[in-house]
Amino acid sequence: MSMIRGINVGGKKVKMDRLKELYKSLDFEDVKTYIQSGNVIFESKELDKIKLSHIIEKEIAEIFNFDVKVLLRTKNEMINVINGNPFKQEDFNHLYVTFLSDIPSEKLIKDLACTIDENIENKSDKYNIIGMEIYLFLPNGYGRTKLNNNFFEKKLDISATTRNWRTVNRLVDFVSNM
């Protein structure tokens, strides 16, 4: 499964049917898209996620004439995201997951914690980094937090894309039924 960072915002428009065709042209099977934010569920014989990401990114650049980051997760990784939610007691309408392209370094995670403690005014926003995911509880919504993709990418020197909890669950439903 892939999540594409930053399409259908800021001028990077991609219709999901064209994206689906692009994935099919790469010989991926059982291709499905979910909503307009670049979620593509597919099966591939190629198992190397880094290689797959680069193949998809290159093809998107060639066809749509812009660069994006593609983050991949397997079915089991997505199931683990659901099961690993540290905010199970919180209102799911305010839960988000930021998916990272790699595991951030311990030093950058420590530096991030200091930055958040010192500079983020909204103390009701909570985050928890587990592996390649950042779980977010944002009672005032994603649009009002400083804990967004750009913030995490800058502080952790890593690519990121965020999905709300409903979308994460829906994607798990899709991959579980394949």
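Residues numbered from 1 in each chain as written. Predicted model: local features only at pLDDT ≥ 70, side-chain atom pairs only at ≥ 80, totals over all residues. Heavy atoms only, no water.

(A) The packing of aromatic side chains, seen in detail. Per the stated rule, a full pass over the model turns up 10 aromatic pairs. Taken together, Y23, F28 and F42 form an aromatic cluster joined through their ring pairs. One cation-aromatic arrangement involves R170 over F174; the distance from NZ or CZ to the ring centre is 4.6 Å. (Phe/Tyr/Trp six-rings, centres within 6.5 Å; stacked < 30°, edge-to-face > 60°. Lys NZ or Arg CZ within 6 Å of the ring centre and 35° of its normal.)

(B) Representation of the sheet that holds strand β3 (residues 39–43) within the structure. Spatially, β2-β3-β1-β4 is the arrangement adopted by the four strands of the open sheet, whose pairing is antiparallel. Looking along the sheet, the strands with just one partner apiece sit at the ends: β2 (29–34) and β4 (69–72). The sheet shows a mean angle of 25° between the axes of neighbouring strands, taken without regard to direction. Relative to β3, β2 runs antiparallel, the two sharing four bridges. Looking across to β3, one finds that Y34 is bridged to N39. (Pairing = 2+ DSSP bridges. Helix = DSSP H or I, 4+ residues; strand = E, 2+ residues; numbered from the N terminus. Axes fitted to C-alpha atoms, helices over the stretch in contact; angles between N-to-C directions.)

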